[in-house]
Amino acid sequence: MTPASMRTPRIEMKLKGRVALITGGSQGIGLATARAFLLEGARVAIVGRSKTKGAKAVGELAKLGDAIFIQGDVSKASSAKRMVNRTISVFGRIDVLFNNAGISIGGTAEDMTDEDWDRVIGVNLKGAFLMTKYAIPYMKKQRSGVIVNNSSELGLVGDRGCPAHCASKGALIVMTKAMALDYAKYNIRVNCVNPGTIDTPMLAAAARSSHDPKRYLREEVLSIPMGRLGMPEDVARAVLFLASDDASFVTGASLSVDGGTTAQ
């Protein structure tokens, strides 16, 4: 008989048998989280507006496990409902919803257009509301579920030239707490993560739009106490924790993943 000290420890996958729906899952934080979930045994549906990016992403994810892509716009009620229902029709249930889709359009209050304001609020805040609205009934039937919203460090502190983004992310944090109270009795947990400066396509686009991309990124790093940019995987691990039973007594929480930026 093999001595206990020599036996290979049994490693339980954190999300084995569970189904996750990830919005904005074709790139950046969403894609990194999809990878992390698949490696922990989940089946995953990713959502995105670009069919080309979605097909490329799901081609990669399919090598790790059971994954599908659903094209749609989270800011549209009919689209949100269809994406949730499609996940149910393919996988039979929904255990984790990661409301990750988000955009940022710059502009001060006086020069930002009404259309740009509505678009930012529509995707970042209304999108999370709509996806949750249509996923919750299924989770209530199961008497279990986890929702993780992707807010931002700018949901906690302001910044210049992006009032719509800050407003949408700040509201998302408080909406998370309200929903956590509404659904705790159904064993549905609702939490959010607040990423700082993360090395994503959105950051790369912001750098390119500056006068000096290298200087832009260098100054971003200098503002972070830990002295580096965050990686999508840093946020993915935080989302995985909140989605798993490791966080079974955590709801209404707001977890910063920002290298210490908002601690200043």
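Residues numbered from 1 in each chain as written. Predicted model: local features only at pLDDT ≥ 70, side-chain atom pairs only at ≥ 80, totals over all residues. Heavy atoms only, no water.

K.L.:
Where do I start with the overall build of the protein chain in this structure?
P.N.:
For the protein chain, the count of helices and strands is 8 helices and 7 strands. Computed over C-alpha atoms, the radius of gyration of the protein chain comes to 19 Å, within 12% of the 18 Å expected from 2.2 N^0.38 for 264 residues, which places it in the range of a compact globule. Principal axes of the C-alpha set define a box for the protein chain whose edges measure 70 × 45 × 40 Å. Of all 264 residues assigned to the protein chain, the portion counted as buried reaches 48%. Of the contacts made within the protein chain by residues no fewer than 6 positions apart, 70% connect residues no fewer than 24 positions apart. Charged side chains in the protein chain number 34 positive and 24 negative. The centres of these two groups are separated by 10 Å. (Helix = DSSP H or I, 4+ residues; strand = E, 2+ residues; numbered from the N terminus. Rg over C-alpha atoms; globule rule 2.2 N^0.38 Å. Buried < 20%, exposed > 50% of the residue type's maximum accessible area, 1.4 Å probe, protein only. Contact = heavy atoms within 4.5 Å. Lys, Arg positive; Asp, Glu negative; His and termini not counted. Charge placed at Lys NZ, Arg CZ, Asp CG, Glu CD.)

K.L.:
Explain the sheet that holds strand β6 (residues 188-195) to me, please; I cannot follow it from the model alone.
P.N.:
Within a sheet, neighbouring strands are paired by backbone hydrogen bonds and run either parallel or antiparallel to one another. Within the open sheet, the 7 strands sit side by side as β3-β2-β1-β4-β5-β6-β7. Their pairing is parallel. The sheet terminates laterally at β3 (67-71) and β7 (254-257), the two strands that pair on one side only. Sheet twist, expressed as the mean angle between neighbouring strand axes with direction ignored, is 20°. Bridging between strand β5 (residues 145-150) and β6 involves 6 bridges; their strand directions are parallel. Counterpart to Gly145 in the pairing with β6 is Ile188. Sheet strands touched by helix α4 (residues 114-142): β1 (19-23), β4 (96-99), β5 and β6. Its angle to β4, the strand with the most contacts, is close to 175°. (Pairing = 2+ DSSP bridges. Axes fitted to C-alpha atoms, helices over the stretch in contact; angles between N-to-C directions.)

K.L.:
Looking at this model, I keep getting lost on empty space enclosed by the protein. Mind explaining?
P.N.:
If you roll a probe as big as a water molecule over the atoms, it shows you where there is empty space left. This structure, assessed with the given rule, holds 1 cavity of 30 Å³ or more. What the largest cavity holds in volume is close to 50 Å³. What lines the largest cavity is simply Thr23, Val74, Asn99, Ala101, Val123, Asn124, Gly127, Ala128, Met131, Asn150 and Leu172. Counting residues per element, the lining of the largest cavity draws most heavily on α4, which supplies 5 residues. Of the residues belonging to the lining of the largest cavity, the class tally is 6 nonpolar, 5 polar and no charged. (1 Å grid on protein atoms, 1.4 Å probe; cavity = no way out; pocket = protein on both sides within 12 Å on 5 of 7 lines; lining within 4 Å. Points joined across faces, edges and corners; volume = space filled by probe spheres on them. Nonpolar A, V, L, I, M, F, W, Y, C, P; charged D, E, K, R; others polar.)

K.L.:
Which parts of the structure should I look at to understand the environment of Phe69?
P.N.:
On the secondary structure map, Phe69 appears in strand β3. As for Phe69 and Tyr186, which are separated by 117 residues in sequence, their C-alpha atoms are 29 Å apart. The residues contacting Phe69, other than those within four sequence positions of it, are Ser26, Ile46, Val47, Gly48, Ser50, Lys51, Gly54, Ala55 and Val58.

K.L.:
Can you walk me through the state of the cysteines in this structure?
P.N.:
Chemically, a disulfide is nothing more than a covalent bond linking the sulfur atoms of two cysteines. Following the criterion strictly, the structure yields 0 disulfides and no others. With no disulfide of its own, Cys166 lies 3.8 Å from the sulfur of Cys162, the closest cysteine sulfur. Of the cysteine sulfurs around Cys192, a residue in no disulfide, the closest is that of Cys166, at 15 Å. (Disulfide = S-S within 2.5 Å.)

K.L.:
Looking at this model, I keep getting lost on the packing of helix α6 (residues 201-208) against helix α7 (residues 213-222). Mind explaining?
P.N.:
The relative placement of two packed helices is expressed as an angle between their axes plus a distance between the axes. Taken N-terminus to C-terminus, the directions of α6 and α7 make an angle of 125°; their axes are 8 Å apart at the nearest point. Here α6 lies oblique to α7, going by the angle between them. Here Leu203, Ala206, Ala207 and Arg208 of α6 lie close against α7, whose contacting residues are Pro213, Tyr216 and Leu217. For the contact of α6 with α7, a count of residues per class yields 6 nonpolar, no polar and 1 charged. (Parallel < 35°, antiparallel > 145°, perpendicular 65-115°, else oblique.)

K.L.:
Would you take a moment to explain the environment of Thr52 for this structure?
P.N.:
Mapped onto the fold, Thr52 is located in helix α2 (residues 51-61). Residue classification places Thr52 among the exposed residues on the basis of a relative accessible area of 65%. Along the chain, Thr52 and Lys16 lie 36 residues apart, while their C-alpha atoms are 29 Å from each other.

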